[in-house]
Every structure is written in structure tokens, then in C-alpha cells.
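# Coordinate inspection notes
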Amino acid sequence: MTAQTGTQGSVTAVYQVNGMSCGHCEGAVSGEISEIPGVDSVKAAAATGEVTVVSTAPLDEEAVRAAVDEAGFELVGPA
């Protein structure tokens, strides 16, 4: 996982997700990931397939994978 410590102890991670092609896709992925405890913000970009997550602590990749699967997409891994 590409993780960086941000301001005030936050952690930023970027994931690669396959299958996003529009704003609706971005919203579905963002909505599911935002339900993971500790997530502060999520920004998904269909054009690049990247999902940037800011959280209070590093996230369990399996939790992120399950959220992306629930949205109907595939987590490739860290970007």
C-alpha cells in the first residue's frame, strides 16, 4: 500500500480499482469505502482507476477489497 502520514496523524493511501467508468462508479466505490471505520475521506477517479483514501490509521487491505467488491468492482492493489 502506498501510505503517507498526513496532517494531524492522518494516513493517505492510494489504491488501483478496475472497472470504474463514470461518476456513478466513483460514487459507488467511494460510498462503500467511506463505511470502513476510521475513513475520513475518499476520492475515486474513474479516468485513472485510482482511489485516494484518507484515514485516521492505516486500513486493512482486505477491508478495502471487501468494500470495493461490494460496490461491484475489483481492487487491483496499491497504486
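For the structure itself, consult the block above.
Residues numbered from 1 in each chain as written. Predicted model: local features only at pLDDT ≥ 70, side-chain atom pairs only at ≥ 80, totals over all residues. Heavy atoms only, no water.

### With respect to the overall build of the chain
Counting its secondary structure elements, the chain contains two helices and five strands. Order of helices (α) and strands (β) in the chain, N terminus to C terminus: β-β-α-β-β-α-β. Sorting the 79 residues of the chain into buried and exposed places 35% on the buried side. A fraction of 58% describes how many contacts in the chain between residues 6 or more apart in sequence connect residues 24 or more apart. Here the chain displays about 4200 Å² of accessible surface, and carbon together with sulfur accounts for 49% of that area. (Helix = DSSP H or I, 4+ residues; strand = E, 2+ residues; numbered from the N terminus. Buried < 20%, exposed > 50% of the residue type's maximum accessible area, 1.4 Å probe, protein only. Contact = heavy atoms within 4.5 Å. Areas by Shrake-Rupley, 256 points an atom, 1.4 Å probe, with all protein chains shown as cover.)

### Some remarks on the environment of Leu-75
Assignment of secondary structure puts Leu-75 in strand 5 (residues 74-78). Distance from Leu-75 to Val-51, taken between C-alpha atoms, is 9.7 Å for residues 24 residues apart in sequence. Each residue touching Leu-75, except ones within four places of it in the same chain, is listed here: Tyr-15, Gln-16, Val-17, Glu-61, Val-64, Arg-65 and Val-68.

### Some points on the pattern of salt bridges
For the structure on display, the rule yields two salt bridges. Measuring nitrogen to oxygen at the nearest pair gives 3.1 Å for the salt bridge that ties Glu-61 to Arg-65. One end of the pair, Glu-61, and the other, Arg-65, are both in helix 2 (residues 61-71), four residues apart, so they sit about a helical turn from each other. Residue Arg-65 is classed as partly exposed on the basis of its relative accessible area of 24%. For Glu-62, the salt bridge identified is with Arg-65, shortest N-O distance 3.6 Å. (Salt bridge = Lys/Arg side-chain N within 4 Å of Asp/Glu carboxyl O.)

### As for helix 2
Helical periodicity: at 3.6 residues per turn, an α-helix aligns residues three or four positions apart in one direction. Among the residues making up helix 2, those that are buried are Val-64, Ala-67, Val-68 and Ala-71. Buried residues of helix 2, seen end-on, are gathered within an arc of 95° and therefore sit on one face of the element. At the exit of helix 2 stands Gly-72, carrying a positive phi of roughly 95°. (Arc of directions from axis to C-beta.)

### Concerning the nonpolar core
Ranked by size, the top nonpolar core spans 20 residues in total, and within it Met-20, Val-29, Ile-33, Val-51, Val-64, Val-68 and Phe-73 carry the most contacts. Elements with a minimum of two residues in this core: strand 2 (11-18), helix 1 (23-33), strand 3 (39-45), strand 4 (50-55) and helix 2. No other element matches the four residues that helix 2 contributes to this core. When residues no more than four places from it in sequence are discounted, the contact partners of Val-68 are Val-17, Val-29, Ile-33, Phe-73, Glu-74 and Leu-75. (Core = buried A, V, L, I, M, F, W, Y, C linked by side-chain atoms within 4.5 Å.)

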